[in-house]
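# Examining the three-dimensional arrangement
Here's the letter readout for the chains.
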Amino acid sequence: MAYAHIGTEVIDTAALEARVVTVEDGAVCTFIGNVRRRSRGREVAYLEYNAYLPIANRMLQEIADEAESRWQVKLAVQHRIGRVDLGEAGVVVVVTSVHRAEAFDACRFCIDTLKENVPIWKREVCPDGAFWIEGEVSLPASKAD
Amino acid sequence: MDHDTGPSTLSSQEDTVSGSARLIGAHMPTAGGLKNSLTSGKEIGCTAVQLFTGNPRQWSHPSLTDDEIREFRSTHEQTGIPFLVAHDSYLINLAAPAADVLERSRSAFRGELDRAHALGIPWVVTHMGSHLDQGEEEAVQRLITSLREILEETEAEGCTAGVALETTAGQGTGLGWSFNQLGDILKGVGENPRLGVCMDTCHVFAAGYDIRTPETYRDTIQKFDELVGINHLRVIHTNDSKKGLGSRVDRHEHIGMGEIGMEAFSLLLNDERLMHVPVIAETPDAQTMHRVNVARLRRLAASGAYGIVVTAQLFGHYSELFPGGTVDVLLPKGAVINDLAAALTDLNPALSDLSTHCRFAIADELVDGSAVLREGCTVAALPPSSGG
């Protein structure tokens with residue numbers, strides 16, 4: 001079973017890698033999704049992630065398990081909720097396998113499927129107001145912080 | 001609305017009933033600041049509050065400051081009152097024959113909607129104006145044009161607050177007292193999630209529609225449904241009447257103490273087609289008697305065969321529409337997810353795209369629109385994801 005976790009704590013990428021790296025693996029593929037300064041033409045101060053955990057936890061686990069069994073890899077994924085500052089990771093996916101092709105494919109599948117399906121939302125807090133991001137849509141929030 | 005003051009005829013010992021999901025409240029005074037309507041409403045057990053967002057007897061209002069808006073919204077969050085509604089100024093006549101009054105009214109009403117939107121109030125109740133003996137048919141057409149234009153203009157500006165047209169008593173040259181005419185006005189403006197109706201029991205009764213017995217209540221609501229549509233109801237003003245059936249005079253009385261009497265309110269509050277619609281008392285003596293009238297309405301509501309209470313938990317931008325992002329909705333037994341979505345849209349037109357925009361979940365399962373809801377369940381509405 002893959003490791004999947006959603007929580008407020010800062011993601012320790014090395015610790016996450018240590019969960020899945022063994023001497024059998026020739027490939028370690030780590031994707032880090034960082035909070036960046038510019039988004040949709042706006043300057044971002046920080047992000048706030050919110051999740052519907054009863055579904056998000058189950059779905060993230062299912063996606064991670066599916067990637068493991070489809071590509072015969074080991075996978076660990078962690079997503080943050082709450083406030084995440086610029087330059088910090090919102091999500092990290094680590095995949096290890098004997099060769100690189102499976103690791104890349106499984107990693108990409110995991111992050112793409114997660115973004116599409118898992119009920120987690122970001123709220124972009126900008127100097128002049130906050131925005132809810134829902135899929136491709138961005139909606140102004142009534143509270144500024 | 002009516003600000004008659006009369007003797008306190010109810011015992012204030014009736015103030016003991018609480019703890020119901022039914023949206024029940026009163027028109028609360030805003031003296032000392034708009035937010036005071038929320039704190040005093042909370043104190044007397046309101047789960048719905050109506051307020052004026054400006055002086056109802058003045059044309060112009062100083063625009064709300066950012067501080068006022070912030071204060072109101074944070075008080076709303078703290079008090080957790082699920083449903084708010086604004087009542088517009090008495091001066092507004094969206095059917096006015098005189099061009100200058102008409103323009104002034106339209107501009108003032110746009111202001112009402114803008115203020116409601118800024119404060120997070122989903123509906124503005126308005127009376128339908130008067131023809132002032134200058135031709136009733138033309139007045140109806142002016143009203144329709146006013147409403148259509150105002151809804152279009154404000155929508156273009158991103159305003160989500162809706163208009164609830166209030167049934168009137170037919171006093172003087174007031175429009176909209178007959179269900180026929182109200183139905184014509186709705187049809188004239190056209191279906192719009194931001195257009196609904198407010199039924200006032202005192203006005204309906206004064207206009208000649210009896211609701212005092214199970215038979216007359218049934219006939220009147222059936223007539224209302226045929227001509228106006230129960231599905232258009234967004235709020236009910238529960239007021240008893242000092243004047244008799246068909247008097248065409250608008251004088252509000254305490255619940256059960258007037259010409260309408262207690263049975264009508266019991267029938268109304270136990271009508272399962274209306275149980276998710278918020279009810280507001282606009283009865284006299286706010287300071288002393290609102291507490292009593294709200295408690296009385298709550299007890300009447302709790303007396304009948306009840307439906308189920310479902311908690312809706314909203315995410316993304318929808319989470320801002322109710323305190324804490326959640327609201328308890330009362331639905332008939334056997335209701336499904338789609339019924340919940342429709343009831344939520346009735347409470348706030350900003351939720352009209354909920355069922356097309358969201359997935360729904362109960363606990364850790366995604367469910368579709370036909371999933372049957374159980375008493376006490378929590379339904380999460382999940383907008384498109386944006387994690388990663």
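Being a predicted model, the structure only gives us computed values, none of them experimental.

Criteria and cut-off values
- For every chain, the first residue of the written sequence is number 1, and numbering continues from 1 along that sequence.
- Working convention: letters from A go to chains and numbers from 1 go to ligands, in the order in which they are written.
- Selection of residues for local features in this predicted model requires a pLDDT of at least 70, selection of side-chain atom pairs for listing and counting requires 80 or more, and totals for whole chains, interfaces and linings are taken over all residues.
- Computation of side-chain values covers all heavy atoms of the structure but excludes hydrogens and water.
- In this scheme, strands are said to pair when DSSP sees at least two bridges between them.
- Helix and strand definitions follow DSSP, with helices as H or I runs of at least four residues and strands as E runs of at least two, each counted in order from the N terminus.
- Axes here refer to lines fitted to C-alpha atoms; in helices the fit is confined to the stretch in contact. Angles between the N-to-C directions go from 0 to 180 degrees.
- Throughout, a contact is declared for two residues whenever any of their heavy atoms are within 4.5 Å.
- Stacked, tilted and edge-to-face pairs are distinguished by plane angle, under 30 degrees for stacked and over 60 for edge-to-face with tilted covering the rest, among Phe, Tyr and Trp rings (Trp via its six-membered ring) whose centres lie within 6.5 Å.
- Here the term buried applies to any residue with accessible area under 20% of the maximum for its type, exposed to any over 50%, and partly exposed to those in between, with areas from a 1.4 Å probe on protein chains only.
- The criterion for a charge sitting over a ring is simple: Lys NZ or Arg CZ within 6 Å of the ring centre, and within 35 degrees of the ring normal.
- The term buried area means the drop in 1.4 Å probe accessible area that two parts suffer when joined, counted for both and summed.
- Within this document, salt bridges are pairs made up of a side-chain nitrogen of Lys or Arg and a carboxyl oxygen of Asp or Glu, the two lying within 4 Å of each other.
- For this analysis, a polar contact is any N or O atom pair within 3.5 Å, provided that within protein one partner can donate a hydrogen and the other can accept it, and provided that sequence-adjacent residues contribute only side-chain to side-chain pairs.
- Charge assignment: positive for Lys and Arg, negative for Asp and Glu; neither His nor the chain ends contribute.
- The patch calculation keeps residues exceeding 30% relative accessible area without a salt bridge and links them within 9 Å when they carry like charges or within 5 Å when they are nonpolar (Val, Leu, Ile, Met, Phe, Trp, Tyr).
- Accessible surface is estimated by sampling points in the Shrake-Rupley manner with a 1.4 Å probe; for residues, cover comes only from the protein chains shown.
- Positions of charges follow a simple convention, taking NZ of Lys, CZ of Arg, CG of Asp or CD of Glu.
- Here roughly perpendicular refers to angles of 65 to 115 degrees, roughly parallel to angles under 35, roughly antiparallel to angles over 145, and oblique to all remaining angles.
- The handedness criterion is simple: a crossing whose near helix is rotated anticlockwise from the far helix by less than a right angle is left-handed, and one whose near helix is rotated clockwise is right-handed.

Moving on to the sheet that holds strand 11 (residues 308-314) of chain B. Taken in spatial order, the five strands line up as 12-11-15-13-14 (chain B) in an open sheet, and their pairing is mixed. Of all strands in the sheet, those bounded by a partner on one side alone are strand 12 (326-331) and strand 14 (365-367) of chain B. Ignoring which end each strand starts from, the neighbouring axes of this sheet average 35 degrees apart. With four bridges connecting them, strand 13 (residues 359-362) of chain B and strand 15 (residues 378-382) of chain B associate as antiparallel partners. Bridge pairing in strand 15 of chain B places Ile362 of chain B opposite Val379 of chain B. Its contacts with the sheet place helix 2 (residues 53-71) of chain A against strand 13 and strand 14 of chain B, and it is angled at close to 110 degrees to strand 14 of chain B.

The next subject is the packing of aromatic side chains. How two aromatic rings sit relative to each other is set out by the distance from centre to centre and by the angle between their planes. Evaluation of the coordinates by the stated rule reveals six aromatic pairs over all chains. Relative to Tyr90 of chain B, the ring of Phe52 of chain B lies with its centre 5.7 Å away and its plane at 75 degrees, an arrangement referred to as edge-to-face. In this pair, Phe52 of chain B sits in the loop between strand 2 (48-51) and helix 2 (66-79) while Tyr90 of chain B sits in the loop between strand 3 (83-87) and helix 3 (99-119), placing the two residues 38 residues apart along the sequence. Relative accessible area serves as the criterion here: at 8%, Phe52 of chain B is assigned to the buried category. Counting every residue linked through ring pairs, the aromatic cluster contains Tyr52 and Trp121 of chain A together with Phe315 of chain B. We note Arg83 of chain A situated over the ring of Tyr46 of chain A; from NZ or CZ to the ring centre the distance is 3.7 Å. A cation sits over an aromatic face here: Arg248 of chain B above Trp177 of chain B, 4.0 Å from the ring centre.

Among the structural elements, His290 of chain B can be located in helix 9 (residues 286-303). Those residues in contact with His290 of chain B that lie beyond four places of it in its chain are Ala26, His27, Met28, Ile44, Ala281, Thr283, Pro284 and Asp285 of chain B.

Another aspect to go through is the interface of chain A and chain B. On the side of chain B, 25 residues touch chain A, which itself brings 28 residues to the contact. Together, the buried faces of chain A and chain B total about 2,100 Å²; carbon and sulfur atoms form 53% of this surface. Considering only the surface of chain A that becomes buried against chain B, Tyr52, Trp121 and Glu134 of chain A emerge as the three largest contributors, covering 29% of it. Along the contact surface separating chain A from chain B lie zero salt bridges. Summed over the shared surface of chain A and chain B, the number is 19 residue pairs in polar contact (both at pLDDT 80 or more).

All names here are of chain B. Around the barrel, which closes on itself, the eight strands sit in the order 1-2-3-4-5-6-7-10 with parallel pairing between neighbours. Put simply, the sheet's adjacent strands are angled 30 degrees from each other on average, direction ignored. In the sheet, strand 6 (residues 195-200) pairs with strand 7 (residues 233-237) via four bridges, with the strands oriented parallel. Note on strand 7: the bridge partner recorded for Cys198 is Val235. Sheet strands touched by helix 10 (residues 337-347): strand 3, strand 4 (123-126) and strand 7. Its angle to strand 4, the strand with the most contacts, is close to 60 degrees.

To continue, consider the side chain of Glu134 of chain A. Inspection of the secondary structure puts Glu134 of chain A in strand 10 (residues 129-134). Of the side chains bearing the opposite charge, Arg123 of chain A lies closest to the buried Glu134 of chain A, which forms no salt bridge; the N-O distance is 9.4 Å. A polar contact of 2.9 Å, which involves the side chain of Glu134 of chain A, links it to the side chain of His357 of chain B. Dropping the residues within four chain positions of it, Glu134 of chain A is found in contact with Leu139 of chain A together with Gly316, His317, Tyr318, His357, Pro383, Pro384 and Ser385 of chain B.

The next subject is a negative patch on the surface. Residue and element names in this part refer to chain B. Together, Glu136, Glu137, Glu138 and Asp184 make up a negatively charged patch on the protein surface. When residues in the negative patch are grouped by element, the largest group, three residues, is from helix 4 (residues 136-156). As for its position among the elements, Glu137 is in helix 4.

Moving on, we come to the packing of helix 1 (residues 36-43) of chain B against helix 2 of chain B. All names here are of chain B. The N-to-C vectors of helix 1 and helix 2 enclose an angle of 10 degrees; their axes lie 9 Å apart at closest approach. Taken together, helix 1 and helix 2 sit at an angle that is classed as roughly parallel. Our pair here, helix 1 against helix 2, has a crossing hand that is left-handed. Along the contact surface, helix 1 presents Ser37, Leu38, Thr39 and Lys42, while helix 2 presents Phe72, Thr75, His76 and Thr79.

All names here are of chain B. Along the polypeptide, Val189 turns up in helix 5 (residues 179-189). By relative accessible area, Val189 is classed as buried at 10%. Note: C-alpha distance between Val189 and Leu143 (46 residues apart in sequence) is 8.9 Å. Ignoring any residue separated from it by four or fewer positions in sequence, one finds Val189 in contact with Ile144, Leu147, Arg148, Leu151 and Leu195.

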